[in-house]
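Survey of secondary and tertiary structure
Chain by chain, the residues run as shown.
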Amino acid sequence: MRFEGRILGKAGVDKMQTAYTVDDILIDMGYSMRFSFDKYVYSISYMKEENDILFFNDAEHMIEVYNYERNFEIPTERANELGLETYYRFSNIYGKELIILELLHRYLEENPNDIFYVDNGRYYNKAMIDSIYKGKHDKNWMYRPLYSIKSISEYINIFLTTTISYMGGMGNITDTRHRGEKSVELRYEGRIIGKRKNSKFGTAYRVIRALKKAHCKNIVNIKRESYNILYAKCNNKKIIEIYCNTQMTDIPTDEIKQMDFETYFRITDLIGKEMQVLEIVHSYLNKFSDDIFYIDNDCFFTKSQIDEIFNNKDKNEKWIFKKRERDRF
Amino acid sequence: MGWSVDILRKNGEGNIQDVKNIINIFMSRGYTNCVAYDKGRYHNLSINKPMFDDELPWFLEDDADSILANVDLKPSDDWWSNERIRDFPERFKGYRDYFDFEKISGRSFMLLNFFHEYFKLVPEDVLWNCYSKDKHFYTKADIDKIYNKKEWKVEWIYVDPDEQ
């Protein structure tokens, strides 16, 4: 099960100045091996303590931090009311809860007004983190309900088994540690962006329809507070993961902000399933032709461009590395 | 003035796996602070070995503690890249450069170390010293021969591999 954590700070501030605070703290904590993948709108830092095997072949001990330098993201309506936006995102905190606790303790010392948000709907401020930090360190602190329950591991076991049985044996695939994903992939994220709407509830059905048209099977929809996560098996047996924003406002660049667009769907990984993604996006844009596909290497694809690529006989996996053409739309 | 070396491949196509290979090799040799700048069609790599954990690359004194590289994810097809591979000898026709190291001066030992490891993973690639007078090519066998010598010379990258 994947859980994402976010550090939220005051909205509307230039985040370039604080871009590497978390990296510096992690280095102080001993995570001195750092590989950073810089993508202009955000940079992804992969950090590790030591190197027994090759750097990318060990995903379990690696922390993945997104520094949102230019990306504007408000995860929930409550965060919007409080005037907060995302500064950092930890894309997979399952199994790394105690490291995050130590990190937050140090981070909130310097930035006492920031909030930590887990996508299961929990918000933590400095006082709460301090009280958790002072007590006996428990690796399940993030998932512990605020009311008391006798055995937290029992609670989690029930939760996991019910979801796994619901998903009909697909349970293992959503746990990144058990689906044979031992190495880290350098990520390219694709986003389907469209006109800003008041409510994005119910947009998930759009992409489910596109997935079915593109011959994807075993579609699983997991609800979280700010988005739904869709998992589907595409026709080369790989699992595709799509975040469907329901509450989250996610505007990657200024250009998109000026167009008055925002993200509806985020496809978290394109490498290895480029042709499947092309098919999904193609069938999506057939129905919703005003939307645009955006990849975080700064490429935009309109419907006509996707059609052109899709109908080209010599299409290959390199289609995501298009030369940048700003003036097409 | 910078003097760079290129790595050639049959169709000139790099991919994400190459970036990972390069970083893996350097990470295992103590270059613990690496950055890849995503420029769309190519990646710009900065590879550094800081003395202290948070030392910045521009304060590193030794040349061999840092290097810059560029990896093309899509083969470039402009005039210049076609012009420079036009005079290739028969045995390397059809090869294109997909990856280069910038400013190799003072870094020849670390590069020898790197290429020895790199050619184990991708044995069919070729190293090309494009700015030397005779434009030498180094295959895996050449690199292995130089690597296994008792004495390493700093000038190995400027000398014809057959004469070494």
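Residues numbered from 1 in each chain as written. Chains lettered and ligands numbered in written order. Predicted model: local features only at pLDDT ≥ 70, side-chain atom pairs only at ≥ 80, totals over all residues. Heavy atoms only, no water.

Scanning chain B for helices and strands turns up four helices and seven strands. Written out in order from the N terminus, the α and β elements of chain B read β-α-β-β-β-α-β-α-β-β-α. The C-alpha radius of gyration of chain B comes to 16 Å, within 12% of the 15 Å expected for a compact globule of 164 residues. Considering only C-alpha atoms, chain B reaches an extent of 50 × 40 × 30 Å along its principal axes. (Helix = DSSP H or I, 4+ residues; strand = E, 2+ residues; numbered from the N terminus. Rg over C-alpha atoms; globule rule 2.2 N^0.38 Å.)

Time to look at helix α4 (residues 140-147) of chain B. For α4 of chain B, the full list of buried residues reads D142, I143, D144 and I146 of chain B. Buried-residue contacts for α4 of chain B involve α3 (108-121), β6 (126-128) and β7 (137-138) of chain B. (Buried < 20%, exposed > 50% of the residue type's maximum accessible area, 1.4 Å probe, protein only. Contact = heavy atoms within 4.5 Å.)

Another aspect to go through is the sheet that holds strand β14 (residues 261-267) of chain A. Backbone-to-backbone hydrogen bonds pair the strands of a sheet. The strands run either parallel or antiparallel. Residue and element names in this part refer to chain A. Pairing in this open sheet of seven strands is antiparallel, and the strands run β10-β11-β12-β14-β9-β15-β16 from one edge to the other. The open sheet has two free edges, formed respectively by β10 (217-223) and β16 (299-301), since each of these has just one partner strand. The sheet shows a mean angle of 25 degrees between the axes of neighbouring strands, direction not considered. (Pairing = 2+ DSSP bridges. Axes fitted to C-alpha atoms, helices over the stretch in contact; angles between N-to-C directions.)

Membership of the largest hydrophobic core comes to 94 residues, with the highest contact counts inside it found for F35 and W319 of chain A together with F99, F101, F115, Y118 and W156 of chain B. Two domains share this core, each providing at least three of its residues, namely domain 1 (5-167) and domain 2 (190-311) of chain A. Other than its neighbours up to four places away in sequence, F101 of chain B contacts S4, V5, I7, F26, I67, L68, A69, L111, F114 and F115 of chain B. Counting 28 residues, the second-largest nonpolar core is a separate cluster that includes L26, Y31, Y88 and Y124 of chain A. (Core = buried A, V, L, I, M, F, W, Y, C linked by side-chain atoms within 4.5 Å. Domains from an automatic or database assignment.)

Any functional reading would require information that these geometric values do not contain.
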